[in-house]
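Notes for the structure review
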Amino acid sequence: MSKYLLGSCLLLLLFSSCKKVDSDFTSASINDYFPLQVGKYITYNLDSTVIVNFGQGSAPFVVNHYQARDVVDAQITDNLGRPAFRIIRYLRTDSTQPWSPNDVFMAVPTANTLEYVENNLRFLKLSLPVKEGFSWPGNSYIDSYSVDLGVTYLSDWSYVYDSVDVPLTINSLNIDSTITVDERDEFLGQDPSIAGTQYAEKTYSIEKYGKGIGLIYRDFLHWEYQGPQSLSPGYTGYGVRLSIIDHN
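Residues numbered from 1 in each chain as written. Predicted model: local features only at pLDDT ≥ 70, side-chain atom pairs only at ≥ 80, totals over all residues. Heavy atoms only, no water.

**Focus on the pairing of strand β1 (residues 41-51)**
- Bridge count for β1 against strand β2 (residues 61-77) is eleven bridges, and the pairing is antiparallel. Following the sheet pairing, D47 is matched in β2 by H65. (Pairing = 2+ DSSP bridges. Helix = DSSP H or I, 4+ residues; strand = E, 2+ residues; numbered from the N terminus.)

Below is the structure:
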(Lines give C-alpha, C1' and ligand atoms only; values in the text may rest on other atoms or scores of the structure.)
Protein backbone atom coordinates (compact mmCIF):
# COMPACT_ATOMS: atom_id res chain seq x y z
CA MET A 1 0.00 0.00 0.00
CA SER A 2 1.44 3.39 -0.98
CA LYS A 3 2.02 6.05 1.66
CA TYR A 4 -0.56 8.27 -0.10
CA LEU A 5 -3.25 5.55 0.07
CA LEU A 6 -2.36 4.85 3.71
CA GLY A 7 -2.67 8.52 4.55
CA SER A 8 -6.07 8.74 2.85
CA CYS A 9 -7.31 5.72 4.81
CA LEU A 10 -6.17 7.25 8.09
CA LEU A 11 -7.94 10.53 7.30
CA LEU A 12 -11.12 8.66 6.37
CA LEU A 13 -10.95 6.68 9.62
CA LEU A 14 -10.43 9.87 11.65
CA PHE A 15 -13.36 11.60 9.93
CA SER A 16 -15.61 8.59 10.53
CA SER A 17 -14.66 8.47 14.22
CA CYS A 18 -15.37 12.18 14.71
CA LYS A 19 -18.69 11.87 12.92
CA LYS A 20 -19.71 8.98 15.18
CA VAL A 21 -18.83 10.94 18.34
CA ASP A 22 -20.93 13.94 17.19
CA SER A 23 -23.88 11.76 16.18
CA ASP A 24 -23.90 10.10 19.60
CA PHE A 25 -24.51 13.48 21.33
CA THR A 26 -28.14 14.33 22.04
CA SER A 27 -28.83 17.81 23.36
CA ALA A 28 -31.44 18.54 25.98
CA SER A 29 -34.19 20.80 24.64
CA ILE A 30 -34.48 24.42 25.67
CA ASN A 31 -37.94 23.63 27.01
CA ASP A 32 -36.31 21.21 29.47
CA TYR A 33 -34.60 24.13 31.23
CA PHE A 34 -37.16 26.86 30.54
CA PRO A 35 -40.63 25.27 30.49
CA LEU A 36 -43.36 27.72 29.54
CA GLN A 37 -46.95 27.06 30.57
CA VAL A 38 -49.62 29.52 31.62
CA GLY A 39 -49.92 29.51 35.40
CA LYS A 40 -46.36 28.39 36.08
CA TYR A 41 -44.50 30.50 38.66
CA ILE A 42 -41.13 30.72 40.38
CA THR A 43 -40.59 32.60 43.64
CA TYR A 44 -37.22 34.18 44.44
CA ASN A 45 -35.29 36.08 47.04
CA LEU A 46 -34.37 39.27 45.19
CA ASP A 47 -31.47 41.51 46.19
CA SER A 48 -31.49 44.81 44.32
CA THR A 49 -28.27 46.81 44.35
CA VAL A 50 -28.79 50.52 43.78
CA ILE A 51 -26.56 53.57 43.94
CA VAL A 52 -27.49 56.49 46.14
CA ASN A 53 -25.82 59.85 46.68
CA PHE A 54 -24.85 60.05 43.02
CA GLY A 55 -21.56 61.86 42.54
CA GLN A 56 -20.02 60.98 45.89
CA GLY A 57 -16.43 59.76 45.96
CA SER A 58 -17.02 56.58 47.96
CA ALA A 59 -18.95 53.59 46.60
CA PRO A 60 -22.60 54.38 47.49
CA PHE A 61 -24.00 50.87 47.01
CA VAL A 62 -27.14 49.91 48.89
CA VAL A 63 -28.80 46.48 48.70
CA ASN A 64 -32.58 46.29 49.08
CA HIS A 65 -34.20 42.94 49.81
CA TYR A 66 -37.48 41.69 48.35
CA GLN A 67 -39.34 38.56 47.38
CA ALA A 68 -40.23 38.25 43.69
CA ARG A 69 -42.61 35.92 41.89
CA ASP A 70 -42.45 35.49 38.11
CA VAL A 71 -45.75 34.17 36.76
CA VAL A 72 -46.38 32.98 33.20
CA ASP A 73 -49.52 35.03 32.71
CA ALA A 74 -50.68 34.38 29.13
CA GLN A 75 -49.73 33.05 25.73
CA ILE A 76 -49.42 35.89 23.22
CA THR A 77 -47.66 36.72 19.95
CA ASP A 78 -44.65 38.98 19.50
CA ASN A 79 -44.32 41.77 16.92
CA LEU A 80 -43.31 39.19 14.30
CA GLY A 81 -46.41 37.11 14.91
CA ARG A 82 -44.52 34.32 16.67
CA PRO A 83 -45.93 32.42 19.67
CA ALA A 84 -44.71 33.98 22.91
CA PHE A 85 -45.53 34.14 26.62
CA ARG A 86 -46.12 37.14 28.86
CA ILE A 87 -44.43 36.90 32.26
CA ILE A 88 -45.43 39.22 35.10
CA ARG A 89 -43.13 39.87 38.05
CA TYR A 90 -44.73 40.54 41.41
CA LEU A 91 -42.81 41.98 44.37
CA ARG A 92 -43.27 42.17 48.10
CA THR A 93 -40.96 43.14 50.94
CA ASP A 94 -41.53 39.90 52.86
CA SER A 95 -43.94 36.97 53.19
CA THR A 96 -46.33 38.96 55.41
CA GLN A 97 -47.11 41.44 52.62
CA PRO A 98 -49.37 41.06 49.55
CA TRP A 99 -47.91 40.68 46.07
CA SER A 100 -47.84 43.75 43.85
CA PRO A 101 -47.17 43.69 40.07
CA ASN A 102 -43.82 45.29 39.28
CA ASP A 103 -42.67 44.41 35.77
CA VAL A 104 -43.61 42.56 32.58
CA PHE A 105 -41.34 40.38 30.40
CA MET A 106 -41.83 38.34 27.25
CA ALA A 107 -40.35 34.92 26.45
CA VAL A 108 -40.22 33.71 22.85
CA PRO A 109 -39.27 30.04 22.40
CA THR A 110 -37.93 29.39 18.89
CA ALA A 111 -36.62 26.21 17.29
CA ASN A 112 -33.07 26.79 18.55
CA THR A 113 -33.14 29.64 21.08
CA LEU A 114 -35.02 31.25 23.92
CA GLU A 115 -35.50 34.98 23.36
CA TYR A 116 -36.29 37.02 26.46
CA VAL A 117 -37.43 40.65 26.30
CA GLU A 118 -36.69 42.76 29.37
CA ASN A 119 -36.84 46.58 29.47
CA ASN A 120 -37.33 46.54 25.67
CA LEU A 121 -34.03 44.65 25.27
CA ARG A 122 -34.09 41.27 23.51
CA PHE A 123 -31.66 38.69 24.93
CA LEU A 124 -30.87 35.21 23.62
CA LYS A 125 -30.89 33.54 27.03
CA LEU A 126 -30.49 29.92 25.85
CA SER A 127 -29.37 28.30 22.62
CA LEU A 128 -28.96 24.82 21.19
CA PRO A 129 -27.08 22.61 21.65
CA VAL A 130 -27.09 22.54 25.45
CA LYS A 131 -23.52 21.35 25.65
CA GLU A 132 -20.54 22.12 27.88
CA GLY A 133 -18.48 24.90 26.32
CA PHE A 134 -20.99 25.86 23.62
CA SER A 135 -21.14 29.65 23.21
CA TRP A 136 -23.32 32.15 21.36
CA PRO A 137 -23.71 35.97 21.09
CA GLY A 138 -26.46 36.41 23.65
CA ASN A 139 -26.87 40.18 23.20
CA SER A 140 -26.68 40.27 19.41
CA TYR A 141 -30.21 41.73 19.06
CA ILE A 142 -29.37 44.70 21.29
CA ASP A 143 -28.20 48.01 19.80
CA SER A 144 -25.40 48.34 22.33
CA TYR A 145 -23.35 50.75 20.20
CA SER A 146 -25.74 53.71 20.45
CA VAL A 147 -24.37 55.75 23.33
CA ASP A 148 -27.73 57.44 23.87
CA LEU A 149 -29.32 54.12 24.90
CA GLY A 150 -26.91 53.72 27.81
CA VAL A 151 -26.25 50.00 27.27
CA THR A 152 -22.85 50.04 25.59
CA TYR A 153 -21.63 47.70 28.34
CA LEU A 154 -23.80 44.95 26.78
CA SER A 155 -21.78 44.82 23.56
CA ASP A 156 -19.85 41.73 22.43
CA TRP A 157 -20.97 39.36 25.19
CA SER A 158 -20.31 35.69 24.59
CA TYR A 159 -22.62 33.40 26.58
CA VAL A 160 -21.19 29.94 27.29
CA TYR A 161 -22.59 26.81 28.94
CA ASP A 162 -20.73 25.68 32.05
CA SER A 163 -21.57 22.82 34.47
CA VAL A 164 -24.22 21.13 32.32
CA ASP A 165 -26.59 18.61 33.97
CA VAL A 166 -25.17 19.20 37.46
CA PRO A 167 -27.18 18.83 40.72
CA LEU A 168 -27.40 21.96 42.85
CA THR A 169 -28.90 23.07 46.15
CA ILE A 170 -30.21 26.63 46.45
CA ASN A 171 -31.99 27.89 49.57
CA SER A 172 -32.52 24.27 50.74
CA LEU A 173 -34.09 23.27 47.41
CA ASN A 174 -32.38 20.25 45.87
CA ILE A 175 -32.39 20.44 42.07
CA ASP A 176 -31.33 17.28 40.25
CA SER A 177 -30.13 18.83 36.99
CA THR A 178 -28.95 22.39 36.33
CA ILE A 179 -27.00 24.32 33.72
CA THR A 180 -24.92 27.44 34.22
CA VAL A 181 -24.62 30.20 31.62
CA ASP A 182 -21.53 32.35 32.08
CA GLU A 183 -22.28 35.67 30.42
CA ARG A 184 -19.69 38.28 31.50
CA ASP A 185 -16.92 38.82 34.02
CA GLU A 186 -14.99 41.98 33.21
CA PHE A 187 -13.17 44.75 35.04
CA LEU A 188 -11.74 47.80 33.29
CA GLY A 189 -9.60 50.60 34.63
CA GLN A 190 -8.19 50.87 38.13
CA ASP A 191 -9.60 50.19 41.59
CA PRO A 192 -11.50 53.36 42.61
CA SER A 193 -10.11 53.09 46.14
CA ILE A 194 -6.66 53.93 44.73
CA ALA A 195 -5.94 57.64 44.87
CA GLY A 196 -5.96 59.29 41.48
CA THR A 197 -8.21 56.74 39.77
CA GLN A 198 -10.14 58.45 37.00
CA TYR A 199 -12.07 55.53 35.55
CA ALA A 200 -13.22 52.04 36.46
CA GLU A 201 -15.96 49.72 35.23
CA LYS A 202 -17.17 46.33 36.43
CA THR A 203 -19.63 43.98 34.71
CA TYR A 204 -20.55 40.55 36.01
CA SER A 205 -23.41 38.32 34.88
CA ILE A 206 -24.21 34.64 35.42
CA GLU A 207 -27.45 32.62 35.28
CA LYS A 208 -28.43 29.10 36.30
CA TYR A 209 -31.41 27.06 35.09
CA GLY A 210 -33.04 24.01 36.65
CA LYS A 211 -34.44 21.16 34.56
CA GLY A 212 -38.22 21.23 34.62
CA ILE A 213 -38.15 24.56 36.50
CA GLY A 214 -36.55 27.46 34.62
CA LEU A 215 -34.33 30.26 35.92
CA ILE A 216 -33.20 29.36 39.43
CA TYR A 217 -30.38 31.86 39.98
CA ARG A 218 -29.20 35.12 38.48
CA ASP A 219 -26.37 37.41 39.57
CA PHE A 220 -25.89 40.62 37.60
CA LEU A 221 -23.87 43.69 38.54
CA HIS A 222 -22.72 46.63 36.45
CA TRP A 223 -21.19 49.86 37.65
CA GLU A 224 -18.97 52.62 36.29
CA TYR A 225 -16.81 55.08 38.17
CA GLN A 226 -15.68 58.49 36.95
CA GLY A 227 -12.98 60.36 38.85
CA PRO A 228 -13.41 63.84 40.38
CA GLN A 229 -11.98 65.54 37.30
CA SER A 230 -14.67 64.19 34.97
CA LEU A 231 -17.87 66.03 34.01
CA SER A 232 -19.96 63.42 35.87
CA PRO A 233 -17.90 62.22 38.85
CA GLY A 234 -18.94 59.28 41.00
CA TYR A 235 -20.68 55.97 40.41
CA THR A 236 -23.53 54.84 38.17
CA GLY A 237 -24.96 51.34 37.81
CA TYR A 238 -27.16 48.69 39.39
CA GLY A 239 -27.30 45.00 40.29
CA VAL A 240 -29.85 42.20 40.65
CA ARG A 241 -29.50 38.84 42.37
CA LEU A 242 -32.28 36.25 42.20
CA SER A 243 -32.27 32.90 43.99
CA ILE A 244 -35.17 30.46 43.89
CA ILE A 245 -37.13 29.68 47.05
CA ASP A 246 -40.27 28.06 45.59
CA HIS A 247 -41.95 27.00 42.33
CA ASN A 248 -44.91 25.02 41.04
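**Things to note about the packing of aromatic side chains**
- Enumeration according to the criterion identifies 15 aromatic pairs in this entry.
- When the centroid spacing of 6.4 Å and the interplanar angle of 25° are considered together, the rings of F134 and Y161 count as stacked. Here Y161 lies in strand β8 (residues 159-170) and F134 lies in the loop between β6 (121-127) and β7 (135-136), a separation of 27 residues in the sequence.
- You can call F134 partly exposed: its relative accessible area is 25%.
- For Y161, a relative accessible area of 2% translates into the label buried.
- Above the face of the Y41 ring, R69 is positioned so that its terminal group lies 4.1 Å from the ring centre. (Phe/Tyr/Trp six-rings, centres within 6.5 Å; stacked < 30°, edge-to-face > 60°. Buried < 20%, exposed > 50% of the residue type's maximum accessible area, 1.4 Å probe, protein only. Lys NZ or Arg CZ within 6 Å of the ring centre and 35° of its normal.)

**Here's the deal with the pairing of strand β5 (residues 113-118)**
- Counting buried residues along β5, six of its six residues qualify, which places the element largely inside the surrounding structure.
- Of the two faces of β5, the one holding T113, E115 and V117 and the one holding L114, Y116 and E118 are both buried throughout.
- Pairing geometry for strand β4 (residues 100-109) and β5, over four bridges, is antiparallel. When the bridges of β5 are listed, P109 appears paired with L114.
- Hairpin connection from β4 to β5: three residues lie between these consecutive antiparallel strands.
- Two elements, β5 and β6, share six bridges in a ladder whose sense is antiparallel. Bridging across to β6, L114 finds its partner in L126.
- A loop of two residues connects β5 with β6, the two strands running antiparallel in sequence, and N119 in this loop sits at a positive phi of about 55°.

Keep in mind these values describe shape, not function.
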